[in-house]
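Descriptive analysis of the structure
Chain by chain, the residues:
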Amino acid sequence: MGISKSFFVASLSLLLAVLASTGEGSHQPVVMPVAMELSAKYYRKTCPNVQNAVRTVMEHRLDMAPAVLRLFFHDCFVNGCDASVLLNRTDTMESEKDAEPANTSLAGFDVIDEIKSVLEHDCPATVSCADILALASRDAVALLGGPSWSVPLGRMDSRQASKAAAEDANNLPNPNSDLGELLRVFETHGLDARDFTALSGAHTVGKAHSCDNYRDRVYGDHNIDPSFAALRRRSCEQGRGEAPFDEQTPMRFDNKYYQDLLHRRGLLTSDQELYTHGGEVSSDLVEVYAKNRKAFFADFARAMVKMGEIRPPEWMPVEVRLNCGMVNN
Ligand code: HEM
Ligand SMILES: *[C@@H]1O[C@H](CO)[C@@H](O)[C@H](O)[C@H]1NC(C)=O
Ligand SMILES: *[C@@H]1O[C@H](CO)[C@@H](O)[C@H](O)[C@H]1NC(C)=O
């Protein structure tokens, strides 16, 4: 037993040495095995402290929690959850950050970089940026008072980003879309009406940074509380028009978003579309979630796990990035 164990340790150190030496120069991209399942225990041996490390940084950067949650959504809806959204522009590749209209408002990149640098110190070249986004989003929600859940891990990071894919309205939904269009986009990603209704509840935290996102709604839409429309028209007339989604508790992950929708006080057209005509799956669920916070939390947690399982296409070359803003060279 002693012999086989020391042989095992020796081979392991050799393997680690090889891995470490490749850290200097070429990191060969690997193609991810298609059937590989994500697992909550993925880093149990290789980076046992990963969950604490992510959470500690998020606790210190709570003001950025909504922005981080949004980054994960934008990552997963553009060629799968592969951290493509984090890549900076280079001479040869455009960045998803520069895709319109989100180019004015995606944020939180520095928080992910901070987590990554802690993890590169604790367990070098091990934890993918895509997994960091998944864990940081879970912690963002939990720390703002929302549900928590076990996050399946083992995602890989893409070696490509696609500005065109990030600008494609079939990938990322538009704030002026109607219910049918929104459902279709979510369905493209394997998410049903229930997932869509629960995930939209993320807009119980954070804000829109510009009136451009809700101008048509507050100046033209009839399915809106008149005093809310007047309030937000005033936001539009002052500066850029920064406005919270949920006025009452914008930094609290609760079910007030759905109560706002019942009162026709949804900020974006795409928010209010969940509760417009009556009789759809989404309208019924808005009524349930508005009354029953637990039901919302359970569905939200389940839908986040499902969203987090959206895979990059099989042709995507992947790796564990050493720096979330750039591919390994
Ligand atoms: C239904 C489709 C969706 C549309 C059309 C949409 C659109 C938007 C828009 C226009 C903003 C404001 C951007 C700005 O000006 O800063 C925003 C913010 C945000 N979105 Fe969504 N979103 C959708 C779904 C989601 C989902 C599924 C999530 C997460 C699960 C999410 C999380 C957030 C968060 C947390 C913010 C606030 C960010 C901050 O305060 O910095 N959104 N979204
Ligand atoms: C967003 O993209 C548009 C079109 O490329 C550009 O005109 C605008 O200046 C960009 N905004 C920011 C903040 O980069
Ligand atoms: C990516 O860009 C951001 C902001 O422009 C910068 O802070 C960050 O250091 C960059 N990351 C890399 C790897 O170049």
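Residues numbered from 1 in each chain as written. Chains lettered and ligands numbered in written order. Predicted model: local features only at pLDDT ≥ 70, side-chain atom pairs only at ≥ 80, totals over all residues. Heavy atoms only, no water.

**Overview of helix α5 (residues 129-143)**
Using the following cut-off: By the criteria applied, helices consist of DSSP H or I runs no shorter than four residues and strands consist of E runs no shorter than two, each listed in order from the N terminus. Here a helix's expected span is defined as the number of its residues, less one, multiplied by 1.5 Å.
The terminal C-alpha atoms of α5, which comprises 15 residues, lie 20 Å apart, in line with the 21 Å expected from a rise of 1.5 Å per residue. In the segment just after α5, Gly-145 is the residue with positive phi, at about 105°.

**Some points on the site of ligand 1**
Just so we agree on the cut-off: By convention in this text, a residue qualifies as near a molecule or strand provided that one of its non-hydrogen atoms is within 4 Å of it. N or O atoms closer than or at 3.5 Å make up a polar contact, with two conditions inside protein: a donor-capable atom paired with an acceptor-capable one, and, for residues adjacent in sequence, both atoms drawn from side chains. Three categories are distinguished: nonpolar for Ala, Val, Leu, Ile, Met, Phe, Trp, Tyr, Cys and Pro, charged for Asp, Glu, Lys and Arg, and polar for the others, with Gly belonging to the last. Just so you know, the domain bounds were taken from an automatic or database domain assignment.
Pro-66, His-203, Lys-207, His-209 and Asn-213 are the nearest of the 23 residues found near ligand 1. Separating a nitrogen atom of ligand 1 from a side-chain N or O atom of His-203 is a distance of 2.9 Å. A distance of 2.7 Å separates an oxygen atom of ligand 1 from a polar side-chain atom of Asn-213. Take the shell around ligand 1: its biggest share by element is four residues, from helix α3 (residues 65-76). Split into classes, the residues belonging to the shell around ligand 1 amount to twelve nonpolar, nine polar and two charged. In terms of domain composition, the shell around ligand 1 takes at least three residues from each of domain 1 (30-168 + 310-319) and domain 2 (191-307).

**Looking at the coordination of the iron atom of ligand 1**
Convention followed: Coordinating N, O and S atoms are those within 2.8 Å of the metal (3.2 Å for Na, K and Ca), and as water is not part of the atoms, a site may appear to have fewer donors than expected.
Just one protein ligand coordinates the iron atom of ligand 1, and it is His-203 (NE2) at 2.1 Å. Of note, His-203 is situated in the loop between α8 (193-200) and β2 (207-208).

**Points about the site of ligand 2**
In plain terms, the rule: Throughout, the Shrake-Rupley method with a 1.4 Å probe supplies accessible areas, and for residues the shown protein chains are the sole cover considered.
With respect to spatial proximity, the complete set of residues near ligand 2 consists of Glu-100, Asn-103 and Thr-104. Asn-103 places a side-chain nitrogen or oxygen 2.2 Å from an oxygen atom of ligand 2. Considering ligand 2 on its own, with 360 Å² of exposed area, one finds that the protein chains cover 34% of that surface.

**Considering the UniProt feature "active site" (unreviewed entry) in the protein**
Here is the rule: UniProt positions are given in the numbering used here, feature names are shortened, and annotations may be inferred rather than shown by experiment. In what follows, a contact means two residues having at least one pair of non-hydrogen atoms within 4.5 Å.
Those places that UniProt annotates as "active site" (unreviewed entry) correspond, in this numbering, to His-74. Relative to the assigned elements, His-74 resides in helix α3. Apart from residues lying up to four places away in sequence, His-74 is in contact with Val-85, Ala-102, Leu-106 and Leu-172.

**Notes on the UniProt feature "binding site: Ca(2+) 2" (unreviewed entry) in the protein**
The feature "binding site: Ca(2+) 2" (unreviewed entry), as given by UniProt, occupies Thr-204, Asp-246, Thr-249 and Asp-254 in the numbering adopted here. Of the residues just listed, which span 51 residues, no C-alpha pair is farther apart than 9.8 Å, and they cluster in one region. Along the chain, Thr-204 turns up in the loop between α8 and β2. If near-sequence neighbours (up to four positions away) are discounted, Thr-204 is found in contact with Asp-246, Thr-249, Pro-250, Arg-252, Phe-253, Asp-254, Lys-256 and Tyr-257. Within the fold, Asp-246 resides in the loop between β3 (243-244) and α11 (256-262). Beyond its immediate sequence surroundings of up to four residues, Asp-246 is in contact with His-203, Thr-204, Asp-254, Lys-256 and Asp-260.

**Focus on the environment of Val-57**
Relative to the elements of secondary structure, Val-57 occurs in helix α2 (residues 50-60). When the C-alpha positions of Val-57 and Val-111 are compared, they lie 7.6 Å apart, and in sequence the two are 54 residues distant.

**Here's the deal with the state of the cysteines**
This is how it is decided: By disulfide we mean two sulfur atoms from cysteines, separated by a distance within 2.5 Å. Relative accessibility thresholds used throughout: buried, under 20% of the residue-type maximum; exposed, over 50%; partly exposed, between the two (1.4 Å probe, protein chains only).
Applying the stated rule across the entire model yields four disulfides. One disulfide bridge connects Cys-47 with Cys-123, the sulfur atoms lying 1.8 Å from each other. Of this pair, Cys-47 sits in the loop between α1 (2-22) and α2 while Cys-123 sits in the loop between α4 (109-122) and α5, and the two are 76 residues apart along the sequence. Given the relative accessible area of 7%, Cys-123 is considered buried. Put simply, Cys-76 and Cys-81 are joined by a disulfide, and their sulfur atoms are 2.2 Å apart. Because the torsion about its S-S bond is 115°, the bridge between Cys-76 and Cys-81 counts as right-handed. For the protein, the bonded cysteines pair up as 1-4, 2-3, 5-8, 6-7 when numbered in the order they occur along the sequence.

**Structural notes on the packing of aromatic side chains**
Convention followed: Note on ring pairs: Phe, Tyr and Trp rings are taken, using the six-membered ring of Trp, and paired if centres are within 6.5 Å. Classes follow the plane angle, with under 30 degrees stacked, over 60 edge-to-face and the rest tilted.
Evaluated as defined, the whole model comprises 14 aromatic pairs. Consider the rings of Tyr-258 and Tyr-289, whose centres lie 5.0 Å apart with planes at 65°: the pair is edge-to-face. Note that Tyr-258 is positioned in helix α11 and Tyr-289 in helix α13 (residues 281-291), a separation of 31 residues in sequence. When its relative accessible area of 0% is taken as the criterion, Tyr-289 is described as buried. Both rings, one in Tyr-258 and one in Phe-296, keep their centres 4.9 Å apart while their planes meet at 70°; by these two values the pair is edge-to-face. You can see Tyr-258 sitting in helix α11 and its partner Phe-296 sitting in helix α14 (residues 293-307), a full 38 residues away along the chain. A relative accessible area of 0% places Tyr-258 in the buried class. Among the aromatic residues, those joined into a ring-pair cluster are Trp-149, Phe-253, Tyr-257, Tyr-258, Tyr-289, Phe-296, Phe-297 and Phe-300.

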